[in-house]
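In case you want the letters, here they are:
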Amino acid sequence: MVPEELFSLAIGLVLPWLVDHVNFTVEEKRLDLHINFSKGSRFACPVCGEECPVHDTHDHTWRHMGFFQHEAYLHARVPRVKCPEHGVDQIPVPWAREGSHFTLLFEALIMTLVRAMPVLTAARMIGETDTLLWRVMDHYVPEARASVDMTDVHAVGVDETSSRRGHDYITLFVDLKARRLLFATPGKDATTFERFAADLEAHAGSAQAVTDVSMDLSPAFQKGAKEHLPNAQVTFDRFHLMKLVNEAVDAVRKGEVLTQPDLKKTRWLWLKNDRNLKVKQKEKLQELLKDQNLKTAQAYQFRLTFQDIFTIKNRHQGATPLKAWMENAKDSGLPPLVKVAYAIMNHWDGVLRWFESQITNGILEGFNSLIQSAKAKARGYRTHKNFINMAYLILGKLDFRLPTCNSEELKFIN
């Protein structure tokens, strides 16, 4: 079998397409495959599918997967056909999508790489610009999202994450049951819910079918949920409530550190769970707790009690100790805790809802960590579109339906 036939098989060409010429340059580490078609071939009209004669051709080049350590390129005369009904039109080629400078297999390689490493790193590895790789992602991510079925979405978690330094946020909507990112959009105001509801409807879902939504105490989120998820009961995420309590404890510590120098550099002693403290940290904490007049120690006890309350899984059983906690916090004389108590009181129904729904934004916290880690490695994504595409790529559980190498291709394409 001659090399042209071998490479025709390796690429997966079928008649009338064939490799008719091969250039292999060792010095340049480059393989060029020239694809042609036999004289007199007819091709389907891109509009109606009618077999039509070739009108003329235009030369095109595509980057292909490497041949061992050598870069590989495909070259072809791409025909324009003349249809009696639709006129002259260029046909699509089976090895690349329209407008791309890469073959489908090379794009599959790109999408595999960018899921495992920063886009700039992947670009340097294959010798292309990151701009071209972002363009590839911007094709495949929306295409994959178009086929996402949101019919069974009923419980949703909502949270914001920073896309860049400063007050620049992306709001994430997550399917709490399927544990996947449903929708991401710039901003963190009430209109993000309007955009989510529209996207949900566009993917066979229904805003009316959403029965539960987990969120923080953001007034904008509350407004958005009320207006655009009318049948959803709000659960105020217990992790955000715990964050408010932790912030209150640390505020008490900061206010007391001027008169109690021993409190310096002890922030995490009061905010971490005991099982996460090192031996020396535990010893230091126990020593500080001996001082019954230490306001930070009092705040710390409120923190422990609050955390214990949210191990209860019954609304009525949880309401009683939570009410007692609020009253004690208001009487504590510790302003940061008083503020938390009133915040809980003003959001009472949504706070109590947790004891019934048991839904949290814990998965969103994990998602946020993955996104921020990827962003840090990439040193930012420059645009909202890039950030959101990467979020879908990492967290969306999308089916990209990318081409894969068959056994013959694996023999010839590295």
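Here the structure is shown first, and the text comes after it.
The present account deals with the structure reproduced in this document. On a predicted model such as this, the values are computed, not experimentally measured, just so you know.

**Considering the nonpolar core**
Soluble, globular proteins show a tendency: their nonpolar side chains are buried together.
Here's step 1: Ranked by size, the top nonpolar core spans 104 residues in total, and within it Val114, Trp270, Phe306, Phe310, Leu322, Trp325 and Ile344 carry the most contacts.
Here's step 2: Residue contributions to this core peak at eight residues, all from helix H4 (residues 130-146).
Here's step 3: Every residue in contact with Trp270, bar those within four places of it in the chain, is listed here: Val249, Arg253, Leu263, Leu285, Leu288, Leu289, Leu294, Thr296, Ala297, Tyr300 and Arg303.
Here's step 4: Grouped together as the second largest cluster of nonpolar side chains are 24 residues, Leu13, Cys45, Ile91 and Trp95 included.

**Side note on the pattern of salt bridges**
Here's step 1: According to the stated counting rule, one finds 18 salt bridges in the structure shown.
Here's step 2: Arg30 is the salt-bridge partner of Asp32, the closest N and O atoms lying 2.9 Å from each other.
Here's step 3: Glu327 serves as the salt-bridge partner of Lys330, at 3.2 Å between the closest nitrogen and oxygen. On the criterion of helical spacing, the pair formed by Lys330 and Glu327 is a turn pair, its members being three residues apart in helix H11 (residues 315-330).
Here's step 4: According to the relative accessible area criterion, Glu327 is partly exposed, its value standing at 41%.

**Describing the state of the cysteines**
Here's step 1: Inspection of the entire model under this criterion finds zero disulfides.
Here's step 2: The thiol of Cys45 is not disulfide-bonded; the next cysteine sulfur, from Cys48, is found 3.8 Å away.
Here's step 3: Between Cys83, a free cysteine, and Cys48, which holds the nearest cysteine sulfur, the sulfur-to-sulfur gap is 3.8 Å.

**What to know about helix H2 (residues 104-114)**
Here's step 1: For H2, the tally of buried residues reaches eight of eleven residues, placing the bulk of the element in the interior.
Here's step 2: Considered for burial, the residues of H2 that qualify are Leu105, Phe106, Glu107, Ala108, Ile110, Met111, Leu113 and Val114.

**Some words on the sheet that holds strand E8 (residues 168-175)**
Here's step 1: Ordered by their spatial adjacency, five strands build an open sheet running E9-E8-E7-E10-E11, and the pairing between neighbours is mixed. The sheet terminates laterally at strand E9 (180-186) and strand E11 (233-236), the two strands that pair on one side only. For this sheet, the mean angle separating the axes of adjacent strands, direction not counted, is 30 degrees.
Here's step 2: In the packing of helix H15 (residues 384-395) onto the sheet, contacts are made with strand E7 (155-164), E8 and E9, and the angle to E9 comes to roughly 175 degrees.

**Considerations on the environment of Glu143**
Here's step 1: Within the element layout of this structure, Glu143 appears in helix H4.
Here's step 2: Taking the C-alpha atoms as reference points, Glu143 and Phe193, separated by 50 residues in sequence, lie 23 Å from one another.

What counts, and at which threshold
Residues numbered from 1 in each chain as written. Predicted model: local features only at pLDDT ≥ 70, side-chain atom pairs only at ≥ 80, totals over all residues. Heavy atoms only, no water. Core = buried A, V, L, I, M, F, W, Y, C linked by side-chain atoms within 4.5 Å. Buried < 20%, exposed > 50% of the residue type's maximum accessible area, 1.4 Å probe, protein only. Helix = DSSP H or I, 4+ residues; strand = E, 2+ residues; numbered from the N terminus. Contact = heavy atoms within 4.5 Å. Salt bridge = Lys/Arg side-chain N within 4 Å of Asp/Glu carboxyl O. Disulfide = S-S within 2.5 Å. Pairing = 2+ DSSP bridges. Axes fitted to C-alpha atoms, helices over the stretch in contact; angles between N-to-C directions.

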